[in-house]
Amino acid sequence: MKPISSRRARAIVVALAAGSLALTACSKNDGGDSGADSKKDQKEASVQSKAVTYADAAGSTGPAAEVAGAKAGGTINVYQEAGLSHLDPGQIYVSDAGQVANLLFRRLTQFKEDDKGNVSVVGDLATDSGKSSDGGKTWTFTLKDGVKDQNGNAITSADVRHTVERQYAKFIFDGPTYLQTWLSGSDYRKALPDGGFGKKHLPDSVLATPDDKTVVFHFDTARPDLPQTLAMAGYAIVPAKGDTKEKYDKAPVATGPYKIVSNKVGKELVLAKNTNWDPKTDSVRHQYANGFDFQFGITESTQTKRLIADQGEDKNAIQLTGGVEATQIQDVIGNAAVSKRTVKGYQPYVMQLTFNLDRVKDLKVRQAITYAVNSKSLIAGEGGAYGGDVAPNYFAPTLPGYEASYDPYGRLKMPQGNIAKAKEILKGVPAAEKKVVFAYSNSEAGQKRKVAIEDALTKVGFNVVSKEVDSASYYEQIGKLNNPYDLYITGWGQDWPSAATVITPIYDGTQVADGSSNYSHVKDPKVDELIKKALTQDPTAAAATWKEAQHYLLEKVLPAAPLWYTKQFQLSGSNIGGARYGSVSSLIDITRLYVKS
């Protein structure tokens, strides 16, 4: 999952937790080791790696269980620093747009979390989580009755086919690619260049829609994770009627409990109730509030100040993907009345300083930078122990196969960076290779990260040229193959509990392309071989292969320097009810909120 570029890490993540984490570490905002509390956080985070269950029709039947004390009415204000890069479901692979997608769009399947933190995959538009046959190569879904889009049009299998096929179109470039590649291979666009908008469609041997209610996927190998894949926002249904292709990003058609009534890009997005949404067909979402008012351009420091003060309309407000601003954490945790309005949780993201291997070709340069970077300083900018922990490798504590002690660059022992080691490695490296262009987002967090990176690399002799990038389009800019940058901070979290959703999207050599998540442009035959091998193995055998892949990548290729694991610490107004940490989104659970009065 891609991370957001503003503060936390980007995209819809499937982080499966047993509930909110009690982040009790006392923070001085110095980014220091949170000690025993950090270990406790990581131990609790490990429950997020447990597999989900697949629900039957009974578990997929609406309406969703009522939230205790919930009331109808009112508008919820949502504060966010950066604007949304996309609203077209096919383009959504980020956590901020993913939160909005949970209100606007429905998929074939969806994740459902109970009050104890247990997560299952349920049928959303489908009657259940899907039925597999042919050893897991074939999956059949039956659509529910009574599901309509915001215009009153019934959702049929033709809309599902249209949704899948439009993913092949060239104008869809920023969303997940699991389903397309599983159906048609890494060069899937060649199978349907016009994305199904012309006369050609995927053959029934790949995707069949024998009647209005039935959808059948055929794969060349078992795909046991399909129900989880289809629950991603990137595979939400786009009704064939009303699809405006490139223009759809600005005015998509809703199938969820809310619809767009106003979209001032980068400034404000206003949602109102979708009267054609039937709660009897939805076992996950609610429609308590009359609407949501998303307001962009509000910095995290301003968000935090306003929510601490809790006056006027701020009482009805939440943070979207941002968190409590680092310098104000003590103001929050030191005030019991304010502190009880927070949600906290361990996220699945690993933040990294990614190298553009087309430009930073010398392994010694990458090694020196990896030893030099100051995780302690970077974490301080995120809120210290409340914002993150030092990352020694590419696997987060939420991921199966996580190795807490695997630390090839001594990050745990020297989180402030090993300057002496970095200088030693750089001996003999030409001066020209010591000039690096660092891209950073024009957000408050981006500014803090810029200072930390410049400071660390300058100390060991690098000439750092920093280039500001628009926060809303940050990942689009660094996702261009011919981007003019040597270094950029990226973050990634599992799409579901499997290393396959970490190693494959960001290190698969076949996915080096514009808009791809392979931001380092890794093309290594051994890595590709290990990925291919792991994807054909059972989970136990695959775990060993993924471990081998991570070790090889870190020690021999080094496409990125691991920096920190992220935590979420968000604040909401006193008139917001139903707030809890959502294990699926790793953010406040936006689907169950209500206005108290």
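Quick caveat, the model's predicted, so the values are computed rather than measured.

Asks: Is there a simple way to explain the sheet that holds strand S6 (residues 138–142) in this structure?
Replies: Within a sheet, adjacent strands bond to each other through the backbone by hydrogen bonds, running parallel or antiparallel. Pairing is antiparallel in the open sheet, where four strands are placed in the order S5-S6-S8-S7. Single-partner strands in this sheet number two, and they are strand S5 (131–133) and strand S7 (207–211). On average, adjacent strands in this sheet sit at an angle of 20 degrees to one another, irrespective of strand direction. This element, helix H4 (residues 157–166), spans S7 and strand S8 (214–218) of the sheet and lies at about 165 degrees to S7.

Asks: Would you explain the sheet that holds strand S13 (residues 342–355) in this entry?
Replies: In spatial order, the strands read S14-S18-S13-S17-S15-S16; together these six strands make up an open sheet with mixed pairing. The open sheet has two free edges, formed respectively by strand S14 (388–390) and strand S16 (463–469), since each of these has just one partner strand. Within the sheet, the average angular offset between the axes of one strand and its neighbour, ignoring direction, is 30 degrees. As judged from the seven bridges shared by strand S15 (residues 435–441) and S16, these two strands associate in the parallel manner. The residue bridging Val-437 from the neighbouring strand is Val-465, located in S16. Contacts from helix H11 (residues 375–382) reach S14, strand S17 (487–492) and strand S18 (560–571), with the element oriented near 20 degrees to S18.

Asks: Just to check I follow, could you spell out the pairing of S13 for this structure?
Replies: Side-chain positions along a regular strand alternate between the two faces of the sheet. Extensive coverage of S13 is indicated by the burial of 14 of its 14 residues. As judged from the ten bridges shared by S13 and S18, these two strands associate in the antiparallel manner. Looking at the pairing, Leu-353 lines up with Ala-561 of S18. Direction of pairing for S13 relative to S17: antiparallel, over a ladder of six bridges. Of the residues in S17, the one forming a bridge with Thr-354 is Tyr-488.

Asks: Help me understand helix H3 (residues 95–104), please; the structure alone is not making it clear to me.
Replies: Judged by how many residues are buried, H3 sits mostly within the fold: ten of ten residues are covered. Of all the residues in H3, the buried ones are Ser-95, Asp-96, Ala-97, Gly-98, Gln-99, Val-100, Ala-101, Asn-102, Leu-103 and Leu-104.

Asks: Whenever I open this one, the confidence of the model for the protein chain confuses me. Can you help?
Replies: A low pLDDT score tells you not to read the predicted coordinates there in detail. Averaged over all residues, the pLDDT of the protein chain is 90; the fraction at 70 or higher stands at 91%. Segment residues 3–36 is flagged for pLDDT under 50; beyond a separation of four residues in sequence, or across chains, it makes 168 contacts in the model.

Asks: Explanation requested: helix H17 (residues 539–557) in the structure shown.
Replies: Turn by turn, an α-helix covers 3.6 residues, leaving residues three or four places apart pointing in a common direction. For H17, which comprises 19 residues, the first-to-last C-alpha distance of 25 Å matches the rise-based estimate of 27 Å (1.5 Å per residue) to within 8%. By the burial criterion, the buried members of H17 are Ala-542, Thr-545, Trp-546, Ala-549, Gln-550, Leu-553, Leu-554 and Val-557. Across the axial projection of H17, the buried residues extend over an arc of 165 degrees, all falling on one side. Exposed side chains of H17 directed beyond 90 degrees from the buried face belong to Thr-540 and Lys-556. Each element contacted by the buried residues of H17 is listed here: helix H10 (363–372), helix H15 (500–507), helix H16 (525–534) and S18. Phi turns positive one or two residues past the end of H17, at Leu-558, with a value near 55 degrees.

Cut-offs applied
- Residues numbered from 1 in each chain as written.
- Predicted model: local features only at pLDDT ≥ 70, side-chain atom pairs only at ≥ 80, totals over all residues.
- Heavy atoms only, no water.
- Pairing = 2+ DSSP bridges.
- Helix = DSSP H or I, 4+ residues; strand = E, 2+ residues; numbered from the N terminus.
- Axes fitted to C-alpha atoms, helices over the stretch in contact; angles between N-to-C directions.
- Contact = heavy atoms within 4.5 Å.
- Buried < 20%, exposed > 50% of the residue type's maximum accessible area, 1.4 Å probe, protein only.
- pLDDT = per-residue confidence, 0-100.
- Expected span 1.5 Å × (residues − 1).
- Arc of directions from axis to C-beta.

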